[in-house]
Every structure is written in structure tokens, then in C-alpha cells.
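Now for the letters of each chain:
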Amino acid sequence: MKKEIAINILEDIEDSLIQKNWKEESLKTITLYRKGLEVATSPKIKKLLEKHKEYVEKYGENGKKTLQINKKIDDEIRRIYSN
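Criteria and thresholds
- Residues numbered from 1 in each chain as written.
- Predicted model: local features only at pLDDT ≥ 70, side-chain atom pairs only at ≥ 80, totals over all residues.
- Heavy atoms only, no water.
- Helix = DSSP H or I, 4+ residues; strand = E, 2+ residues; numbered from the N terminus.
- Expected span 1.5 Å × (residues − 1).
- Buried < 20%, exposed > 50% of the residue type's maximum accessible area, 1.4 Å probe, protein only.
- Arc of directions from axis to C-beta.
- Contact = heavy atoms within 4.5 Å.
- Patch = residues over 30% accessible without salt bridge, like charges linked within 9 Å, V, L, I, M, F, W, Y side chains within 5 Å.
- Areas by Shrake-Rupley, 256 points an atom, 1.4 Å probe, with all protein chains shown as cover.
- Salt bridge = Lys/Arg side-chain N within 4 Å of Asp/Glu carboxyl O.
- Lys, Arg positive; Asp, Glu negative; His and termini not counted.
- Charge placed at Lys NZ, Arg CZ, Asp CG, Glu CD.

Turning our attention to helix H4 (residues 64-82). Along its 19 residues, H4 runs 27 Å from first to last C-alpha, staying within 8% of the 27 Å computed at 1.5 Å per residue. Listing the buried residues of H4 in full gives Thr 66, Ile 69, Ile 73, Glu 76 and Ile 80. Along the axis of H4, the buried residues cluster in a sector spanning 90 degrees; they form a single face. Along H4, the residues that are exposed and aim more than 90 degrees away from the buried face are Lys 64, Lys 71, Arg 78 and Ser 82. Looking at the buried positions of H4, the neighbouring elements they touch are helix H2 (22-41) and helix H3 (43-59).

Structure, rendered in C-alpha cells:
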């Protein structure tokens, strides 16, 4: 992670700590970043994205296989964010 991105994340958390309902806001902010990191580091999602790139080159953006892999990626991301 780049230094600027890490600083921005920490500033967001700091801003949430100075809110009137700081505890709730801080927990929401931290949870959101944690889930984002989980998506970004998920080996399953990485593998699906590699397949997606391959399918786009082979079948195009609207190819049946490309659309199916899009659904799998979306399902995996939804699974992470719904927990």
C-alpha cells in the first residue's frame, strides 16, 4: 500500500473519531476499510479477475463466459460485504 493511501485511510478514521457519534462512525469506517482490504487481497477474487481479463480478450465484454465470470466476481464481493 502506498504511503499516501495509508495516510488517507488514517485521516478518514481520525475524522470519524471527532464526530458527535464517534464510536458508531469509527466502527463503520474501520469495517468499510477492512472489507475493502479483504476484497483487494482475496486470492479467489484475484483468480477470477485474471480469468475475466482472459475472457474479455477472447470473448469480448458482452460474451456469455465474460458475463458469467462477472457474476462470480460480484457474488464473491457481495459475500464479503454482507458479512
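A surface patch of like charges, here negative, comprises Glu 11, Asp 12, Glu 14 and Asp 15. Residue Glu 11 is classed as partly exposed on the basis of its relative accessible area, which comes to 39%.

Under the criterion given, the structure shown has seven salt bridges. A salt bridge links Lys 28 to Glu 25, with the shortest nitrogen-to-oxygen separation between them at 3.9 Å. Of this pair, Lys 28 and Glu 25 both sit in helix H2, separated by three residues, roughly a single helical turn. You can call Lys 28 partly exposed: its relative accessible area is 47%. For Glu 25, a relative accessible area of 25% corresponds to the partly exposed category. The shortest N-O distance in the salt bridge between Lys 44 and Glu 76 comes to 3.5 Å. Placement of the pair is Lys 44 in helix H3 and Glu 76 in helix H4, with a sequence separation of 32 residues. Accessibility expressed as a relative area gives 8% for Glu 76, which makes it buried.

Structural measurements only, silent on function.
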